[in-house]
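Geometric and topological summary
Next come the chains, spelled out residue by residue.
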Amino acid sequence: ETGVTQTPRHLVMGMTNKKSLKCEQHLGHNAMYWYKQSAKKPLELMFVYNFKEQTENNSVPSRFSPECPNSSHLFLHLHTLQPEDSALYLCASSQVGGQGYNEQFFGPGTRLTVL
Amino acid sequence: AQRVTQPEKLLSVFKGAPVELKCNYSYSGSPELFWYVQYSRQRLQLLLRHISRESIKGFTADLNKGETSFHLKKPFAQEEDSAMYYCALTGKGGADGLTFGKGTHLIIQP
């Protein structure tokens with residue numbers, strides 16, 4: 001598989017469940033990102049990892065816990081979520097450093113529904 | 001705080017007509033501006049960025065620092081241009097992620 005992949009594509013969970021979203025990039029990039037896309041809000045940056053180190057946490061509640069074991073994989077661990085956390089979660093990757101900005105490549109997203 | 005504003009949620013034009021999707025931003029410093037597009041049942045992808053001053057699929061966008069705008073334009077719309085368009089910005093280098101607008105749904109009528 002090429003580009004950025006995300007699994008699962010759809011997830012339904014209860015408020016007491018624990019689940020994880022997975023993202024994998026096959027582009028050799030050194031930065032990965034989690035975004036949240038809700039129905040009535042713009043795409044919101046959640047977390048940024050550069051060289052496996054978390055460099056940004058955009059005031060995200062602790063019920064969302066990211067993990068980046070290596071530069072190709074990114075996880076988002078979910079626990080005790082709320083119904084308002086239902087959204088499309090997008091993963092992206094890019095190559096940062098050097099001159100200028102390199103574009104972010106997005107995955108297809110995971111559609112999360114919290115009951 | 002940095003912000004991107006796209007005032008039009010929906011824009012409908014006829015094929016062959018000019019298109020302009022508006023984008024205004026606020027950022028303390030010199031941001032890098034982008035337009036991303038999402039076609040039906042496809043993933044979000046980069047359309048163009050201001051630093052490259054390129055024309056992609058007939059679209060252009062000029063950064064106006066005085067008006068803090070980065071409007072997307074195309075002189076003659078085509079049906080395949082129908083999609084969601086998102087304006088976005090980041091700081092230099094892009095390592096701090098993207099700030100997106102709410103998006104504009106562009107519909108090209110035949």
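Every value quoted in this text rests on a predicted model; they were computed, and no experiment measured them. (Residues numbered from 1 in each chain as written. Chains lettered and ligands numbered in written order. Predicted model: local features only at pLDDT ≥ 70, side-chain atom pairs only at ≥ 80, totals over all residues. Heavy atoms only, no water.)

**Examining the overall build of chain A**
The number of helices and strands found in chain A is zero helices and 11 strands. For chain A, the α and β elements follow one another from N to C terminus as β-β-β-β-β-β-β-β-β-β-β. Relative to the globule expectation of 13 Å for 115 residues, the C-alpha radius of gyration of chain A, 14 Å, shows essentially globular dimensions. Considering only C-alpha atoms, chain A reaches an extent of 45 × 30 × 25 Å along its principal axes. Within chain A, buried positions represent 46% of all 115 residues. (Helix = DSSP H or I, 4+ residues; strand = E, 2+ residues; numbered from the N terminus. Rg over C-alpha atoms; globule rule 2.2 N^0.38 Å. Buried < 20%, exposed > 50% of the residue type's maximum accessible area, 1.4 Å probe, protein only.)

**Examining the sheet that holds strand β8 (residues 73-79) of chain A**
Residues and elements named next belong to chain A. Spatial ordering of the open sheet is given by β1-β3-β8-β7, a layout of four strands whose pairing is antiparallel. Taken across any chain shown, the strands that pair with only one partner, and hence form the sheet edges, are β1 (4-7) and β7 (64-70). Each strand of the sheet is rotated relative to its neighbour by a mean of 20 degrees, with strand direction disregarded. (Pairing = 2+ DSSP bridges. Axes fitted to C-alpha atoms, helices over the stretch in contact; angles between N-to-C directions.)

**With respect to the layout of surface pockets**
Each pocket or cavity is described by its volume, and for the largest pocket that value is around 520 Å³. Around the largest pocket, the lining is made up of 26 residues, and of these P42, L43, E44, L45 and N58 of chain A lie nearest the centre. Every element with two or more residues in the lining of the largest pocket is listed here: β5 (44-50) of chain A together with β1 (3-5) and β10 (99-100) of chain B. Residue classes in the lining of the largest pocket are distributed as 10 nonpolar, seven polar and nine charged. (1 Å grid on protein atoms, 1.4 Å probe; cavity = no way out; pocket = protein on both sides within 12 Å on 5 of 7 lines; lining within 4 Å. Points joined across faces, edges and corners; volume = space filled by probe spheres on them. Nonpolar A, V, L, I, M, F, W, Y, C, P; charged D, E, K, R; others polar.)

**As for the pairing of strand β9 (residues 83-90) of chain B**
Residue and element names in this part refer to chain B. Of all eight residues in β9, seven are buried, a share of seventy percent or more. Inspection of the sheet shows strand β5 (residues 32-38) paired to β9 by seven bridges, in the antiparallel sense. Bridged to E32 within β9 is T90. Where β9 lies against strand β11 (residues 104-109), three bridges are found, and the strand directions are antiparallel. Along β11, the bridge assignment pairs M84 with H105. As defined by bridge partners, β9 adjoins β10 across two bridges and the pair is classed as antiparallel. Residue pairing for β10: L89 is matched across the bridge by T99.

**Details of the interface of chain A and chain B**
Accessible area lost upon the coming together of the parts serves often as the stated size of an interface. With 21 residues of chain A at the interface, the matching set in chain B holds 19 residues. Between chain A and chain B lies a buried interface of about 1700 Å² when both sides are counted; carbon and sulfur atoms form 55% of it. Residue E103 of chain A pairs with R49 of chain B through a salt bridge whose shortest N-O separation is 3.6 Å. One can count five residue pairs in polar contact (both at pLDDT 80 or more) joining chain A with chain B. Put simply, the parts of the chain that give the side of chain A that touches chain B at least two residues each are β4 (31-37), β5 and β6 (53-57) of chain A. Grouping the constituent residues of the side of chain A that touches chain B by class yields 11 nonpolar, seven polar and three charged. (Contact = heavy atoms within 4.5 Å. Buried area = accessible area lost by both parts, 1.4 Å probe. Salt bridge = Lys/Arg side-chain N within 4 Å of Asp/Glu carboxyl O. Polar contact = N/O pair within 3.5 Å; in protein donor to acceptor, adjacent residues only side chain to side chain.)

**As for the sheet that holds strand β7 (residues 60-61) of chain B**
Two orientations exist for strands paired in a sheet by backbone hydrogen bonds: parallel and antiparallel. Residues and elements named next belong to chain B. A sheet is described by the order of its strands in space; here three strands give the open sequence β3-β8-β7, paired in antiparallel fashion. Two strands in the sheet have a free side with no partner beyond their single neighbour: β3 (19-21) and β7. Strand direction decides the pairing type here: β7 and strand β8 (residues 72-74), joined by two bridges, are antiparallel. Note on β8: the bridge partner recorded for T60 is K73.

Read these as geometric descriptors, not functional statements.
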